[in-house]
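Here's the letter readout for the chains.
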Amino acid sequence: MSFTNGKDIMVFVETNENEPVKAALEVIAKASELAKAESVNLVGLLLGSNTDEAAKICAASGVNKIVIVEEDSENVEVIGNIVAEMAKKYDPSLLLMGSTLAGKDIAAEVAKKCETACVTDVINIAEGEEGLTFTAPVYGGTLLNDVVITNDSLKMASVRPGSFKKNELDESLSAEIVKEEVEEIKDLKTIIKETIAEVGESVNLEEAEIVVVGGRGMGSKENFELIHELAKVCGGVVGGTRPVTEEDWISRSQQVGQSGKIITPKLYIGAGVSGAIQHLSGISGSDYIVAINKDEDAPIFEIADVGIVGDAMKVLPLMIEAIKKIKEEN
Ligand SMILES: Cc1cc2nc3c(=O)[nH]c(=O)nc-3n(C[C@H](O)[C@H](O)[C@H](O)COP(=O)(O)OP(=O)(O)OC[C@H]3O[C@@H](n4cnc5c(N)ncnc54)[C@H](O)[C@@H]3O)c2cc1C
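Residues numbered from 1 in each chain as written. Predicted model: local features only at pLDDT ≥ 70, side-chain atom pairs only at ≥ 80, totals over all residues. Heavy atoms only, no water.

Side note on the packing of aromatic side chains
By convention here, two paired aromatic rings are described through the distance between centres and the angle between planes.
Right, on to step 1. Summed over all chains, the structure comprises one aromatic pair.
Right, on to step 2. Taking 6.0 Å as the distance between ring centres and 50 degrees as the angle between the ring planes, the aromatic pair formed by phenylalanine 224 and tryptophan 249 counts as tilted. Remark: tryptophan 249 occurs in the loop between helix H6 (242-246) and strand S15 (267-271) and phenylalanine 224 occurs in the loop between strand S13 (210-214) and helix H5 (225-234); sequence separation between them is 25 residues. Here phenylalanine 224 matches tryptophan 249 in class, with each residue buried. (Phe/Tyr/Trp six-rings, centres within 6.5 Å; stacked < 30°, edge-to-face > 60°. Helix = DSSP H or I, 4+ residues; strand = E, 2+ residues; numbered from the N terminus. Buried < 20%, exposed > 50% of the residue type's maximum accessible area, 1.4 Å probe, protein only.)

Regarding the side chain of threonine 245
Right, on to step 1. Inspection of the secondary structure assignment puts threonine 245 in helix H6.
Right, on to step 2. Setting aside residues no more than four positions away along its own chain, threonine 245 makes contact with Ile250, Ser251, Arg252, Gln254 and Gln255. (Contact = heavy atoms within 4.5 Å.)

Examining the environment of threonine 190
Right, on to step 1. For threonine 190, the position within the fold is in the loop between strand S12 (176-180) and S13.
Right, on to step 2. Counting along the chain gives 115 residues from threonine 190 to asparagine 75, while the straight-line C-alpha distance between them is 7.4 Å.
Right, on to step 3. Other than its neighbours up to four places away in sequence, threonine 190 contacts Asn75 and Glu77.

Topic: the sheet that holds strand S14 (residues 237-240)
Right, on to step 1. With parallel pairing, five strands are arranged side by side in an open sheet as S14-S13-S15-S16-S17. Both outer strands of the open sheet, S14 and strand S17 (306-309), are each paired with one neighbouring strand and no more. Taken pair by pair, the neighbouring strands of this sheet meet at an average axis angle of 15 degrees, ignoring direction.
Right, on to step 2. Bridge count between S13 and S14: four bridges; the pairing is parallel. From the neighbouring strand, valine 212 faces S14, where its bridge partner is valine 238.
Right, on to step 3. Relative to S13, H5 is tilted by about 170 degrees, and along the sheet it contacts S13, S14 and S15.
Right, on to step 4. Where helix H8 (residues 312-329) meets the sheet, its contacts fall on S15, strand S16 (288-293) and S17, and the angle it forms with S16 comes to roughly 135 degrees. (Pairing = 2+ DSSP bridges. Axes fitted to C-alpha atoms, helices over the stretch in contact; angles between N-to-C directions.)

Written as structure tokens, this is what we have:
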């Protein structure tokens, strides 16, 4: 049963520093698979005044047609309006985007403007007997919900980072490029007066390959230095659980979990982290999980690939020294 009725599939491609974010490339991978199965085009929507590199990457990832709108605004209302206008113009059967912090807000804005349903934070999309089925975790990931949008118009979903593997880039692929303009919205409810980079935030947790997370079990901001040190020796970035950001040991933007960042590193190391469901739902896409906790019954050990039962204040210095030694030997 065709869910597209011959209509194209569209992906809104979020970018960071003029390149598609990892979550967008993962969405493109899944969308290109669906588009191939339905023999329709995959249309990528790019926003910005410097999109050449992003367009090349999109084409090499399997996008057949790239729509570019020259707009650099970070205002969700502005972006949402453009995505909605393009969705109305190109009339795709399905519109997908990454469920990043920005993507979640943009998806809601677009769904409202297009007057359609949007399934948020989906981890799988498959053609089922009742139609296209979106699987999304609910209750902090304890249950999986299969959702079918039954309308015949635009279907929308935001996809949780780490749910799909991005395609290998194939430089021999090319895409048709179309430039579009969208009229500015007049009655903006939000106006961004100034953007200030958070002091100390030089990390992009969502893109990082190695993330070292400290939890309340680290005990104090001084002890938390061990987390920074381990991250430094492994070439990773630092994250924290909610109590840690509430204590101001690190910034709010470094919180990992349901109400923070969803991360998909190759390696996650968590020390003094209990493994509450709200934290685990943000790290379950990690390839390899190492947990250090002094309580052998801590829930994090249930999903850890390697569990170390011990005092983080004793284990972390040993790990740091061992890694330093290996690096010196090589
Ligand atoms: C709506 C909602 C959203 C939330 N969103 C998030 C979120 O996005 N991210 C998030 O992280 N939490 C979130 N939380 C909070 C979550 O429920 C937990 O409270 C939190 O994750 C616990 O953080 P923790 O593991 O650092 O602390 P704790 O649960 O207090 O665990 C500390 C752990 O450290 C261990 N420990 C203590 N001392 C040592 C030592 N010396 N060495 C080794 N181990 C030690 C203990 O055994 C314990 O397991 C949310 C909660 C709600 C209700």
